[in-house]
Amino acid sequence: MVINQGLSHLSDHFLMVTLVLYFLAVLAFAADFAFGKRSPAEPAEAAVPELVTAGAAGAGAAGAAAGAAQASAADLASATVASATVDSAKASGGTGRPATASRPGLRDASFWVRTGLGLTVLGVIAHIAGVVSRGLAVHRVPWGDMYEFIIAVTCVAVLFFLGLIIRYRPFRLGLFFLAPIVIIIGLAQTVIYTPAGPLVPALNSYWLAIHVTAITLATGTYVVAAVLAVVYLFADRHARRVAAGLPVRNGEVFRLLPTPERLDQFAYRTVVFAFPLWTFGIMAGAIWADEAWGRYWGWDPTETWAFITWVVYACFLHARVTAGWRGRRAAYIQLVGFGCLLFNLLGVSLFITGLHSYAGLS
Amino acid sequence: MTETSRMTETGAAQAEAGQQAAAPPEPTPPAPTPPAPSSAYGALGWLRWGWRQLTSMRTALILLFLLAVASVPGSLLPQQGIDPAAVQQYYVSHPGLAPWLARLSLFNVFAAPWFAAIYLMLFLSLAGCVVPRAYRLARSARALPPPAPRNVARMPQSVRHQTGQDATAALAAATAVLRRRKFRLRTGDGWVSAEKGYRRELGNLLFHLALLGLLGAIALGGLFGYKANRLLVSGTSFANTVTALDEFHPGRLVSPADLQPFTITLNKFAASYVTSGQLRGQPSSFNAYLSYSAQPGVASQRYDLRVNHPLNVDGVKVYLIGHGYAPVFKVTDGAGKVVFDQPVPFIAVNTSGLTSEGVVKVPDAKPDQLGFAGVFLPTAVDAGGTLESVFPAPLNPRVSLISYRGNLGMNSGPSQSVYSLNTAGLTELPVAPRPLAPGQSIKLPGGAGTLTFAGYRQWASLAITYDPGQVPALIAGLAALAGLLLSFFIRRRRMFVRAYPGPDGRTVVDVGGLARSDPAGGFDEEFARLAEEFRVAYAGETSEGKTD
C-alpha cells in the first residue's frame with residue numbers, strides 16, 4: 001500500500017493549526033479568570049444560602065415539613081449552584097421548570113469563555129481533520145504508532161470534554177483541561193513525531209481497529225477524569241480551608257469553578273464511561289494476542305501494566321462507594337491509576353522491551 | 001454477611017424502608033471493624049471473625065491493591081516464562097542479587113506462591129461476598145418493595161402536591177405512571193410503593209461471578225493445555241510429537257499421548273520489506289507456505305501461515321512467531337569425506353539488518369572434530385573495514401566464520417545448546433577472516449578439511465498451542481463486561497406515594513424517592529421528572545419539596 005505523502009503533510013498542517021487554536025483557547029480561558037466580566041446572570045455561590053432560606057421560609061407553613069426543609073437547606077448549602085437554584089425555585093412553589101432550563105447557558109458565559117470555547121471547537125475540527133487525513137494517507141485506522149496514538153487520544157479527550165461541558169456547563173474548566181492537552185500535542189509533534197508509514201506485520205489485523213480504538217477511547221476519557229481529579233483536589237482543599245476559617249488564596253478562581261462535590265461526580269461519571277471501554281479494550285487485546293501470539297494472556301509488560309491500570313481503576317470504583325475511602329482518597333487512587341496508564345504508554349513502550357514495542361521510536 | 005462485607009452496594013443489606021427513611025440512602029455505614037472475639041467465643045467465633053474480615057470490602061480493596069503492586073516486578077524484571085535468555089543475562093550482570101531474587105520467585109512472579117496467595121485470597125473474599133448476595137438476590141427476585149413509610153416527606157427526595165381529585169384517583173394516576181415506567185408495584189391503603197433497577201444488583205453479581213469463572217477458565221487451560229515451539233527450515237517437516245518439538249510446556253494433566261498427531265511441512269518462507277524511505281527495512285509481510293495433514297494417512301492441505309492468521313488443526317493452533325536465515329554448509333574433512341551438508345539455523349541479533357549468528361558443529365570430522373562460529377549478513381556492506389548488514393532481505397548475503405578444531409565436548413558433560421560452541425577443548429585455526437559469498441569455500445590449515453558456504457534457506461519458528469480454557473475465558477470476559485455495564489448504568493431506586501385528604505378538603509399527595517445505589521448521582525433529576533409526571537397526571541400543584 002502506497003503512503004499518500006500529500007495527505008500526510010496535510011495532516012501535519014491540520015495538527016499544527018490545532019495546536020495553535022488550542023493554545024489561543026488556553027489564553028482566552030486564562031483571560032477570563034484574569035479580567036473577565038462577571039455577568040449578573042451567573043449565580044454566585046454566596047447567593048445560594050439566601051435563595052434556599054427564602055424557599056424554606058415560604059414553605060414554613062406546615063410544621064413538620066418545615067423541619068425537613070430546614071434540614072435540606074443545610075444539605076443544599078453544599079450542593080451545586082445549579083441544582084440549588086432549581087430546588088429553591090421549586091421549594092418556593094415555582095413552576096417546576098425542567099432542570100436544564102436553569103443551567104447557565106452559553107449566552108450567560110463571559111466573552112472570554114465564549115471565545116475560548118469557540119477556539120476549542122475550531123481546534124477540535126482541525127484535530128479531527130488531522131486524524132482523518134492521516135488515516136486516509138496510510139489507508140488504515142490512524143492509531144498505529146505512538147505519535148498517531150497520542151494525537152488520537154487527545155482528540156478523544158477534547159471531544160469528551162466538549163461533551164461534558166455541553167451536558168453540565170462547567171465552562172471554566174477549559175483552562176485546566178486544554179493546558180495539558182496543548183503540552184501533550186506539542187510534545188507529540190516535536191519529540192515523538194513519526195512519519196506516516198505502513199504497519200509492521202504484527203499490527204496488520206482488523207483487531208488493530210477494534211483493540212486500539214477501544215484503548216484510545218478509554219485513554220482519552222481517562223485523561224479527562226484525571227484533570228477533573230486534580231481540579232477536584234485543589235477545589236476540595238480550598239473548600240476545606242474556607243470551612244475551617246483558614247486563609248485562602250485564589251478564592252475568586254474557585255468561586256467560579258464547580259463545587260468539589262460536582263467535580264467529584266464528573267470524575268466518577270467519566271471513569272464509569274471509560275472503565276468498560278478499557279475492559280473491552282483489554283479483552284479485545286487478549287483475543288488479538290491469541291490470534292497473533294498463541295495465548296490470550298502472557299504477562300507481557302504492556303499486558304501487565306494494562307492489568308495493573310485496570311485493577312487500580314477498579315479500586316477507585318469500589319473506593320468511591322465505600323465509607324472512609326470516598327472523596328480525596330478515591331481521587332488519589334484515580335490519579336495512581338492514571339499514572340499507571342501513563343507509565344504503560346510511555347515507560348513500558350520506551351524502556352521495556354516487550355511484544356508491544358511498536359512505538360516506532362527505536 | 002456483615003455491614004462491612006459488601007462489595008459495591010450499600011442497599012442490599014439495608015433495613016427495610018421504614019428505617020431507611022431516616023438513614024441517608026447511599027453512604028455505607030462507617031464500616032466498623034468487627035471487634036475481635038474474646039477467647040470465650042472459641043474457635044468458631046474466631047473463624048467467623050476471620051471470615052468477616054476476609055470478606056469485608058476493605059480487605060478486598062487492599063487485596064486488589066496488593067495484586068496490582070505484586071504485578072509490578074513481573075514487568076520490570078525479566079521473567080522465566082517470557083524471556084529465559086534475559087533471566088540468564090540478569091544472572092551474569094547481577095551475580096550477587098540474582099539468586100536472592102530467584103529465591104523470592106521474582107523471576108517467575110506470575111507463578112509465584114505469594115502471587116497465587118494474593119489472588120486466591122481475593123477470589124475467596126469475592127466468593128464470600130458474592131455467593132450470599134446471589135442467594136439474597138434470588139430470594140428478592142419476586143419480593144415486593146416494602147410498604148411506603150408513614151412519613152414520605154422524610155425521604156431523601158420528596159415533594160408535596162395538592163390536587164382537587166380524591167385520594168384514590170390521585171393514587172391511581174401516580175400508579176399508572178409508575179406502571180408505565182415499569183416499576184415493580186405494591187399498593188396499600190392510601191399508599192403505593194414502587195421499586196426499579198433490580199438488574200443493577202444482577203449485573204454486579206454477574207461481573208464478580210464472571211471473574212471467578214475467568215479464574216476457572218485459566219485453570220482449565222493450565223491443566224489441560226500445552227504450548228510448544230518448533231523451528232522449521234524451509235523444505236523440511238516435523239510431526240507433532242514431543243521428541244520433534246524444540247520446546248514443550250505441557251499442562252499438569254497433559255501426557256505426550258494427548259498431542260494431536262499432525263505433520264507440517266514448510267514449503268517456502270517469504271518476507272518482504274519496505275525498500276525505500278525513512279522506514280526502509282521495516283517488514284511489510286511474512287508468509288510461511290505450509291502443507292499439513294491433520295492425521296497420518298490423511299491427504300495433506302496447504303495453508304498460507306501469516307502473523308495474525310494462525311492455522312487451526314482440530315483445535316490446536318499453529319502460529320508464525322519468528323523467522324531467520326539458515327545458511328547451508330558443506331564440510332569435507334581431512335580424509336576427504338563429506339561429513340556435513342545441511343542448513344544451520346542462525347538467530348538474528350538485530351532486527352534492522354537481520355545480522356544473524358550461529359554455530360556449525362561437525363562431530364564426525366576426522367582427524368579432529370571441527371566447529372565454526374559464524375555471522376550471516378543478508379545484505380553485507382563494508383562500513384569502514386567491518387562488514388555490516390544494512391537490509392534484512394538477502395541482497396548480498398555473506399557469511400563470516402571463525403574456525404576451530406579439537407574436541408567439541410558433545411559426548412560428555414551437560415547437554416549443549418545448538419546455538420553455542422563450547423570452546424574449552426577447541427583451538428582456533430589461523431584462517432584469514434574473509435567473508436564468504438554463496439559457493440565460496442575456505443580451506444582449513446593443517447589438512448583439517450574444507451568448508452563451503454553452499455547457499456542459504458529461510459526458517460520459520462512456529463508456536464503450537466492448545467488451550468481448552470479459551471472459549472470459557474471469552475465467555476467469562478463477555479459476561480463480566482455485560483455485568484459491568486448493567487451495574488454501572490442502572491440505578492436501583494424506590495418511589496413512595498401517599499395520598500390523603502388535607503385540612504382544606506383538597507387531597508395532599510406526598511411523593512418520596514430513595515436511590516439505593518446511585519454513586520454517579522442523577523437520581524434527583526429522575527425523581528423531579530417522575531414527580532412532575534405525577535403532578536400532571538392528577539392535575540395538582542406543588543406545595544413544597546426538597547432534594548437531598
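In this text the structure is predicted, and so the values were computed from the model without any measurement.

Conventions we followed
Residues numbered from 1 in each chain as written. Chains lettered and ligands numbered in written order. Predicted model: local features only at pLDDT ≥ 70, side-chain atom pairs only at ≥ 80, totals over all residues. Helix = DSSP H or I, 4+ residues; strand = E, 2+ residues; numbered from the N terminus. Rg over C-alpha atoms; globule rule 2.2 N^0.38 Å. Buried ≥ 20, exposed ≤ 12 C-beta atoms within 10 Å, placed from the backbone. Contact = placed C-beta atoms within 7 Å. Pairing = 2+ DSSP bridges. Axes fitted to C-alpha atoms, helices over the stretch in contact; angles between N-to-C directions. Parallel < 35°, antiparallel > 145°, perpendicular 65-115°, else oblique. Left-handed = near helix turned anticlockwise from the far one by under 90°. Core = buried A, V, L, I, M, F, W, Y, C linked by C-beta atoms within 7 Å. Expected span 1.5 Å × (residues − 1).

*Asks:* I'd like a rundown of the overall build of chain B, residues and numbers included.
*Replies:* When its secondary structure is counted, chain B shows ten helices and 24 strands. Taken against the 2.2 N^0.38 rule, which gives 24 Å for 548 residues, the C-alpha radius of gyration of chain B at 37 Å runs more than 25% over that of a compact globule. In terms of principal-axis extent, the alpha carbons of chain B reach across some 125 × 60 × 55 Å. Across the 548 residues of chain B, 40% fall into the buried class. Summarising the internal contacts of chain B: among those between residues at least 6 apart in sequence, 66% fall at separations of at least 24.

*Asks:* Lay out the sheet that holds strand S19 (residues 426–428) of chain B in plain terms, naming residues and giving numbers.
*Replies:* Residue and element names in this part refer to chain B. With antiparallel pairing, the five strands of this open sheet are ordered in space as S13-S14-S15-S18-S19. Two strands bound the open sheet, and with one partner strand each, they are strand S13 (347–348) and S19. Here seven bridges tie strand S14 (residues 356–362) to strand S15 (residues 369–377), and the two strands are oriented antiparallel to one another. Following the sheet pairing, Gly 358 is matched in S15 by Gly 374.

*Asks:* I'd like to hear about the pairing of strand S23 (residues 507–517) of chain B, residue by residue, with values.
*Replies:* Residue and element names in this part refer to chain B. Across the eleven residues of S23, eleven count as buried, placing the element largely inside the fold. Judged from the seven bridges that link them, strand S1 (residues 157–163) and S23 form a sheet pairing that is antiparallel. Directly across from Gln 157, in S23, lies its bridge partner Gly 513. The antiparallel pairing of strand S22 (residues 492–501) with S23 creates a hairpin that spans five residues between the two strands, and Gly 505 there sits at a positive phi of about 90°.

*Asks:* Quick one: what's the story with the packing of helix H6 (residues 146–168) of chain A against helix H7 (residues 174–190) of chain A, residue by residue and with numbers?
*Replies:* Residues and elements named next belong to chain A. For the pair H6 and H7, the least separation of the axes is 10 Å and the interaxial angle reads 165°. When the axis of H6 is compared with that of H7, the two are roughly antiparallel. Of the two elements, H6 crosses H7, and the hand of that crossing is left-handed. Packed against H6, whose contacting residues are Tyr 147, Ile 150, Ile 151, Thr 154, Ala 157, Val 158 and Phe 161, the element H7 presents Phe 177, Ile 181, Ile 184, Ile 185 and Ala 188 at the interface.

*Asks:* Explain unusual backbone geometry to me, using residue names and the numbers behind them.
*Replies:* Residues and elements named next belong to chain B. Cis geometry marks the peptide bond from Lys 366 to Pro 367; its omega dihedral reads 0°. Within the secondary structure layout, Pro 367 lies in the loop between S14 and S15. The backbone of Ser 105 shows a phi angle near 60°, a positive value even though the residue is not glycine. Structurally, the position occupied by Ser 105 is in the loop between helix H5 (98–103) and helix H6 (113–140). Within the chain, Asn 308 stands out as a residue other than glycine whose phi angle is a positive 70°. Relative to the elements of secondary structure, Asn 308 occurs in the loop between strand S9 (301–305) and strand S10 (311–313). Owing to 18 C-beta atoms within 10 Å, Asn 308 belongs among the partly exposed residues under this scheme.

*Asks:* Before we move on, can you summarise the nonpolar core with the specific residues and values?
*Replies:* By size, the foremost hydrophobic cluster in this structure holds 179 residues, and its most contacted members are Leu228(A), Ala267(A) and Val271(A). In this view, Leu228(A) contacts Leu263(A), Phe266(A), Ala267(A) and Thr270(A); residues no more than four positions away in its chain are not counted. In terms of nonpolar packing, the next biggest core, distinct from the first, is built from 32 residues, Ala174(B), Phe183(B), Met495(B) and Phe527(B) among them.

*Asks:* Lay out the sheet that holds S9(B) in plain terms, naming residues and giving numbers.
*Replies:* All names here are of chain B. The four strands lie next to each other as S5-S7-S8-S9, forming an open sheet whose pairing is antiparallel. The open sheet has two edge strands, strand S5 (237–239) and S9, and neither has a second partner. The sheet shows a mean angle of 25° between the axes of neighbouring strands, direction not considered. Where S5 and strand S7 (residues 263–273) come together, three bridges link them in antiparallel fashion. The partner of Ser 237 across the bridge, within S7, is Thr 265.

*Asks:* Residue-level account of helix H10 (residues 523–537) of chain B, with values.
*Replies:* Residues and elements named next belong to chain B. Spanning 15 residues, H10 covers 21 Å between terminal C-alpha atoms, matching the ideal 21 Å at 1.5 Å per step. Looking at H10, one finds that the buried residues are Phe 523, Asp 524, Phe 527, Ala 528, Leu 530, Ala 531, Phe 534 and Arg 535. At the exit of H10 stands Ala 539, carrying a positive phi of roughly 50°.

These figures come from the coordinates and say nothing about function on their own.
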